[in-house]
Amino acid sequence: MPAEILVLGGGVGGSRTANLLARQLPAGSARVRVVDATGLHVYQPGFLYLAFGQANGGWLARDLRSLLRRDVGLIVDRARRIDTDAKVVHLEQEGPVGYDHLVIATGSHLDHASVPGLTQGAHGFYSLKDAERLREELRAFQGGTVIVGIAGMPYKCPPAPVEFVLLLEEYLRKRGVRDRTTIKFLSPLNRVFTIESASQMVAPIFEQKGIELHTFVNIESVDPDKRQVLSLEGETFDYDLAVLVPPHRGADVITASGLGDRGGWLPTDRHSLRVEGVDDVYAIGDCTDLPISKSGSTAHYEAHPIVEQIVAAVEGRAPEPKKARYEGQVMCFFEMGDRKATIIRFDYDHPPGPPKPSVVWHLAKWGFNRAYWYFVPRGIF
Amino acid sequence: MPTAATKEIDARGSFCPGPLMELIRAIRDADVGDTIAILSKDPGSRTDIPAWVAKAKHEMVEISDEDGYSRYVVKKAR
């Protein structure tokens, strides 16, 4: 009997893991199937560009089927509950589906409703819909006070709000409304960004571009009538346009299955990526409770140790220790505006040392944006 | 004996989003009176964590140096 391998979610982690598994498993030894609610794979880093009219929705989404190998099955359905004792996932349409090995790649989900006033009072760029709405707002914007901030932890792609504010400054300057605009960046920390070396690089750029930095501002609520943002630390900020990152939560299926913590994140071993307390279940990407970046890049690297462990189990051998251990690798590009960018690479034991911003890294990011579809979900690069 | 905490977070190797962000997340989820312990290898935490705790009006219960990392215990005060 071939082993049944089920992957919940067809984002970066899910599609990459499924393709790598199908390639590495001996023919006939297993059946690999992906369950995805939409059957669509979305390149979320593109939302940043979409907000400034530099990308469109069609460029950012593809049929998931076209990204999976032919020998990977796709079930377009919604997972409702995972029963780890019976090793069954209950799907909305198809009903119960059994597994021998389960990979949970259900991602993170925006939770606008958990911050009072956020939906009515603020814009965002963390979904296709929000980014398109913000694009229209920015096109019509004629000046005033713009606030960019973070309304909840954890959130995807930690550099994105800093990238956004730097691209916004450039955009408003080019549109001729920069001199009528005050830009305030509300950082949850006492510096621009979590990584000190990146902060030291960004802070002088903020100063040079006249972006006001307000530190230790963790946004708690928005008052849409007064147009004010209120912080956990007790401060109030007036705005004409607020662009805020909404809080994120784990998928409903995690909570419904009693597997997650209060935020719906899966308790996950930081090296093996096994879900703690259950057998033959792995978590990849945003759905884990690991204190590392929620980003496609994290999922990209996490796929390999999971694949090694599952392939070894199917082949009846011990996994190769080095290949089966995730060491916290993350790599991401960081846009700085005016066609410059840097790159951040680190793991659990090696802090990042980003190179000086340059056009080379900006072009590398654009190259990656295009090459993504051919390499990342397919597990080739 | 280190001070026991309601919740302990191992943020060693967390450069992005970073130990302070993990602490803020835990404080939001905690109940008033809970204590959160956070483990960090980041030297910046030594200034960041007490500074934020003071600004947000919580209580810094203890900072202890362990083997290659520090352990910060914070009580949610409001």
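Data block above holds the structure.
Quick summary incoming for the structure in this document. Everything numeric here is computed off the predicted structure, so don't read it as measured data. (Residues numbered from 1 in each chain as written. Chains lettered and ligands numbered in written order. Predicted model: local features only at pLDDT ≥ 70, side-chain atom pairs only at ≥ 80, totals over all residues. Heavy atoms only, no water.)

## With respect to the side chain of His248 of chain A
All names here are of chain A. To be explicit about the condition: For the purposes of this entry, the term helix denotes a DSSP run of H or I that reaches at least four residues, the term strand denotes a run of E that reaches at least two, and both are numbered from the N terminus. Burial status follows relative accessibility: with a 1.4 Å probe on protein chains alone, a residue under 20% of its type maximum counts as buried, one over 50% as exposed, and anything between as partly exposed. Here a polar contact is recorded for every N or O atom pair within 3.5 Å, except that within protein the pair must consist of a potential hydrogen donor and a potential acceptor, and residues adjacent in sequence are included only if both atoms are side-chain atoms. Contacts: residue pairs with any heavy atoms within 4.5 Å of one another.
Considering the arrangement of structural elements, one finds His248 in strand 18 (residues 248-250). We classify His248 as buried; its relative accessible area is 4%. A polar atom in the side chain of His248 sits 3.2 Å from the backbone nitrogen of Lys156. Here Pro246 takes part through its backbone oxygen, which lies 2.9 Å from a polar atom of the side chain of His248. Non-local contacts of His248, meaning those with residues more than four positions away in its chain, are made with Ser108, His109, Leu110, Tyr126, Pro154, Tyr155, Lys156 and Trp265.

## What to know about the environment of Arg175 of chain A
Residue and element names in this part refer to chain A. In this structure, Arg175 sits in helix 6 (residues 160-175). Given a relative accessible area of 28%, Arg175 falls into the partly exposed group. For the pair Arg175 and Gln142, spaced 33 residues apart in sequence, the C-alpha to C-alpha distance is 9.4 Å. Residues in contact with Arg175, not counting those within four places in the same chain, are Leu138, Arg139, Phe141 and Gln142. Here the side chain of Arg175 touches Leu138 through a polar contact of 2.6 Å, landing on its backbone oxygen.

## Structural notes on the environment of Val148 of chain A
Residues and elements named next belong to chain A. The topology assignment puts Val148 in strand 11 (residues 144-150). Relative accessible area serves as the criterion here: at 1%, Val148 is assigned to the buried category. Sequence-wise, Val148 and Ile183 are 35 residues apart; in three dimensions their C-alpha atoms are separated by 7.8 Å. With residues near it in sequence (within four places) discarded, Val148 still touches Pro161, Phe164, Val165, Leu168, Lys184, Phe185, Leu186 and Val243.

## A look at the interface of chain B and chain A
Heads up, the condition is: Salt bridges are counted wherever a side-chain nitrogen of Lys or Arg sits within 4 Å of a carboxyl oxygen of Asp or Glu. Think of it as three bins: nonpolar holds Ala, Val, Leu, Ile, Met, Phe, Trp, Tyr, Cys and Pro, charged holds Asp, Glu, Lys and Arg, and polar takes everything else, Gly as well.
In this assembly, 27 residues from chain B lie in contact with 37 residues from chain A. Applying the counting criterion to the chain B and chain A interface returns five salt bridges. The tally of links from chain B across to chain A stands at 11 residue pairs in polar contact (both at pLDDT 80 or more). Grouping the amino acids of the side of chain B that touches chain A by side-chain chemistry returns 11 nonpolar, four polar and 12 charged.

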